[in-house]
Amino acid sequence: MDFGKTIVTNDGKKFSVGDDIAFKVFNTTTCYMDYYIGRIIKITDDNLALKDVEINRESISTEIEVPFNVIIPNSYNYVHKES
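Parameters and conventions
- Residues numbered from 1 in each chain as written.
- Predicted model: local features only at pLDDT ≥ 70, side-chain atom pairs only at ≥ 80, totals over all residues.
- Heavy atoms only, no water.
- Core = buried A, V, L, I, M, F, W, Y, C linked by side-chain atoms within 4.5 Å.
- Buried < 20%, exposed > 50% of the residue type's maximum accessible area, 1.4 Å probe, protein only.
- Helix = DSSP H or I, 4+ residues; strand = E, 2+ residues; numbered from the N terminus.
- Contact = heavy atoms within 4.5 Å.
- Polar contact = N/O pair within 3.5 Å; in protein donor to acceptor, adjacent residues only side chain to side chain.

Asks: Even after reading the chapter, I still don't get the nonpolar core, so can you show me in this structure?
Replies: In summary, soluble globular proteins display a tendency toward joint burial of nonpolar side chains. Formed by 16 residues in total, the largest nonpolar core has its most connected members in I21, F23, L48, L50 and V66. Counting residues per element, the ones that place at least two in this core are β3 (20–27), β4 (32–43), β5 (47–55) and β7 (64–67). In terms of residue count, β5 provides more of this core than any other element does, four residues in total. Excluding residues that lie within four positions of it along the chain, F23 makes contacts with D34, Y35, Y36, L48, L50, V66, I71, S75 and Y76.

Structural data, given as structure tokens:
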């Protein structure tokens with residue numbers, strides 16, 4: 001049996017470890033929105049850890065952790081990848 005955390009958004013979307021997710025983060029350096037896509041590898045109380053990450057369509061080669069408090073509310077979305 002496996003126990004884990006799940007993200008449930010205000011509009012009822014659910015995300016768990018292994019799911020692909022997309023969301024927006026306001027970049028305080030550029031004053032623009034950054035668009036993130038990645039595969040969830042860990043969910044903690046404060047952070048979302050991702051691998052296979054793209055930020056603004058640019059691949060990031062390392063795993064990253066994104067604090068929940070920087071993610072724009074209601075910007076979470078499902079990702080559909082064509083095979």
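Asks: Is there a simple way to think about the environment of D19 in this case?
Replies: Mapped onto the elements, D19 comes out in the loop between β2 (14–16) and β3. C-alpha separation for the pair D19 and I71, spaced 52 residues apart in sequence, amounts to 17 Å. In this structure, D19 is in contact with K14, G38, R39 and I40, ignoring residues within four places of it in sequence. A polar contact of 2.7 Å, which involves the side chain of D19, links it to the backbone nitrogen of S16.

Asks: Teacher, can you tell me more about the side chain of D20 here?
Replies: Its location among the elements puts D20 in strand β3. The buried category is assigned to D20, whose relative accessible area is 15%. There is a polar contact of 3.0 Å between the side chain of D20 and the side chain of R39.

Scope: geometric values only; no functional claims are made or implied.
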